[in-house]
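A look at the structure
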Amino acid sequence: MSVPPRAATAVACANIALIKYWGKAADGENLPAVPSLSLTLDGLRTTTRVAFDASVDADELVLDGKPATGRPLERVAALLDTVRARAGIAERARVKSENSFATASGLASSASGFAALALAATRAAGLSLSAAELSALSRRSSASAARSVFGGYVALAARAEAAEPLLSGAAWPLCMLVVATTRAEKPVSSSEGMERTARTSPLYRAWVTHAPALFERARRALSLRDFDALGTAMQESTWMMHASMLAARPALRYFTPTTLCVIDRLHELRAENPAYFTMDAGPHVKVLTLAEHANALAGALRAVTGVKSVIVCSPGPGVALLDPAPPKPESES
Ligand code: PMV
């Protein structure tokens, strides 16, 4: 029997939801209440190394060069506990994670972070999970992470354990511009925001009722490669999700005046450049466009007051190992 590898490194790309997930099913382990559809992006990456080490007493996390404690460390340790139980090992781990972009500010760092962690941790523990199993494992930590296991266009059905790939990025290479408006961390986490919306917003039920129809419209637009239909469904999903949050008590508003300035400027630029926007649990704007218009739009949006950076992203791949090592078959563990 081969000795299982004790360390592994994985890279995952963030994904941006074209059709939004907001709200958890009442029962189950972090199952989404609504279906979502995303695009995995090559420009936003997390690289995570996990090393199980008998000489450490507690799991350690270094995030972007700084030791992490509190909630971020607890969430990582919870995923590691699941992996340890499955692999039948007891060692604690040293985890080192680096993002190529700002963490916890609505730029989907939890999606790429937990997808990379799930692959690195399972391989370091000697397990070899299928993509669907990795997606289900990541989902328990962050439902959007279930989608980052796959490249291109990805669906996560309501109450689904795992995401499913719908279409490769190469089959429809649209571009997404990530327009960052601040480097600050978000004040209310998405989990807390969803819980508050579900508990207090009179619009939450309407959101959950309407979300499946938006998802079906987007799925159809994807199969027809209908850019306007996809973009329109994306914007409707975005506003409907944010409307449900605005009606929470106290109201939850992630967008800022700069966010709205970017959206207004985009409306002007649309005369020449087909484009649609979305925004998540943060003040940034993500713009879906055709590859031939990406650079012109990026240049114009960089000039909007308050914009910190614009990252031009193409469809990205699914999670992958950086230093592949032969896995120990699960049956041996
Ligand atoms: O998976 P979480 O807890 O990071 O929530 C993601 C929520 C949104 O980004 C706002 C929407 C989505 O579908 O990604």
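This one's a predicted model, so the numbers in the text were calculated from it and none came from an experiment. (Residues numbered from 1 in each chain as written. Predicted model: local features only at pLDDT ≥ 70, side-chain atom pairs only at ≥ 80, totals over all residues. Heavy atoms only, no water.)

1. Considerations on the overall build of the protein chain
Secondary structure assignment for the protein chain yields nine helices and 12 strands. Relative to its length of 333 residues, the protein chain is compact, with a C-alpha radius of gyration of 20 Å against a globular reference of 20 Å. A principal-axis box enclosing the C-alpha atoms of the protein chain has dimensions of 65 × 40 × 40 Å. The 333 residues of the protein chain split such that 55% are buried. Within the structure as shown, the protein chain displays about 13500 Å² of accessible surface, and the carbon and sulfur contribution to it stands at 55%. For the protein chain, the centre of its 35 positive side-chain charges and the centre of its 30 negative side-chain charges are spaced 3 Å apart. (Helix = DSSP H or I, 4+ residues; strand = E, 2+ residues; numbered from the N terminus. Rg over C-alpha atoms; globule rule 2.2 N^0.38 Å. Buried < 20%, exposed > 50% of the residue type's maximum accessible area, 1.4 Å probe, protein only. Areas by Shrake-Rupley, 256 points an atom, 1.4 Å probe, with all protein chains shown as cover. Lys, Arg positive; Asp, Glu negative; His and termini not counted. Charge placed at Lys NZ, Arg CZ, Asp CG, Glu CD.)

2. Overview of the site of the ligand
Lining the immediate surroundings of the ligand are 14 residues, of which Tyr21, Ser142, Ser144, Arg147 and Ser190 lie closest. In this structure, Ser142 approaches the ligand through a side-chain N or O atom, which is 3.0 Å from an oxygen atom. Within the side chain of Asp280, a nitrogen or oxygen atom sits 3.4 Å from an oxygen atom of the ligand. Burial of the ligand by the protein chains amounts to 92% of its free accessible area of 380 Å². Of all elements in the fold, only helix H4 (143-148) and helix H5 (190-200) reach the threshold of two or more residues within the shell around the ligand. A total of three residues in the shell around the ligand trace back to one element, the largest contributor, which is H4. Looking at side-chain class alone, the shell around the ligand contains seven nonpolar, four polar and three charged residues. (Near = heavy atom within 4 Å. Polar contact = N/O pair within 3.5 Å; in protein donor to acceptor, adjacent residues only side chain to side chain. Nonpolar A, V, L, I, M, F, W, Y, C, P; charged D, E, K, R; others polar.)

3. Some thoughts on the nonpolar core
With 55 residues, the main nonpolar core has Trp22, Val50 and Phe52 as its most contacted residues. Among the elements that make up this core, the one with the highest residue count is helix H2 (residues 109-124) (nine residues). Excluding residues within four positions of it along the chain, Val50 makes contact with Arg6, Ala7, Ala8, Leu80, Ala93, Arg94, Val95, Leu117, Ala120, Ala121 and Ala124. (Core = buried A, V, L, I, M, F, W, Y, C linked by side-chain atoms within 4.5 Å. Contact = heavy atoms within 4.5 Å.)

4. Focus: the packing of aromatic side chains
Enumeration according to the criterion identifies five aromatic pairs in this entry. Between Trp239 and Phe255, the ring centres sit 6.2 Å apart and the planes meet at 90 degrees, which makes this aromatic pair edge-to-face. Taken together, the residues span a long stretch of sequence, with Trp239 in helix H7 (residues 227-246) and Phe255 in the loop between H7 and helix H8 (257-269) at a distance of 16 residues. With relative accessibility at 36%, the residue Trp239 sits in the partly exposed group. (Phe/Tyr/Trp six-rings, centres within 6.5 Å; stacked < 30°, edge-to-face > 60°.)

5. Regarding the sheet that holds strand S8 (residues 175-180)
Taken in spatial order, the four strands line up as S9-S10-S8-S11 in an open sheet, and their pairing is antiparallel. Strands at the two margins of the open sheet, each flanked by one partner only, are strand S9 (275-278) and strand S11 (309-313). Ignoring strand direction, the axes of neighbouring strands in this sheet form an average angle of 20 degrees. By the bridge criterion, five bridges tie S8 to strand S10 (residues 285-289) in an arrangement that is antiparallel. Counterpart to Leu177 in the pairing with S10 is Val287. Strand contacts of H7: S9 and S10, with the helix running at about 25 degrees to S9, the strand carrying the most contacts. Along the sheet face, helix H9 (residues 294-302) touches S8, S9, S10 and S11 and points at about 170 degrees away from the line of S11. (Pairing = 2+ DSSP bridges. Axes fitted to C-alpha atoms, helices over the stretch in contact; angles between N-to-C directions.)

6. Section: the packing of H2 against helix H3 (residues 131-141)
Packing of H2 against H3 brings their axes to within 9 Å, and their N-to-C directions diverge by 125 degrees. Between H2 and H3, the angle is such that the two are oblique. Judged by the sense of rotation from one axis to the other, the crossing of H2 with H3 is right-handed. Contacts from Phe114, Ala115, Ala118, Leu119 and Thr122 of H2 reach H3 at Leu134, Leu137, Ser138 and Ser141. Residue composition of the contact of H2 with H3, by class: six nonpolar, three polar and no charged. (Parallel < 35°, antiparallel > 145°, perpendicular 65-115°, else oblique. Left-handed = near helix turned anticlockwise from the far one by under 90°.)

7. Observations concerning the pattern of salt bridges
A side chain of one charge can pair with a side chain of the opposite charge when the charged atoms of the two come close. Applying the stated criterion across every chain yields a total of 17 salt bridges. We note a salt bridge from Glu91 to Arg6, for which the minimum N-O separation is 2.8 Å. One end of the pair, Glu91, is in the loop between helix H1 (70-87) and strand S5 (92-99); the other, Arg6, is in the segment before strand S1 (7-19), and 85 residues separate them in sequence. Among the ionic pairs, Glu74 bridges to Arg71, the shortest N-O distance being 3.4 Å. Here the residue Glu74 and the residue Arg71 both occupy positions in helix H1, the gap between them amounting to three residues, near one helical turn. For Glu74, a relative accessible area of 48% translates into the label partly exposed. (Salt bridge = Lys/Arg side-chain N within 4 Å of Asp/Glu carboxyl O.)

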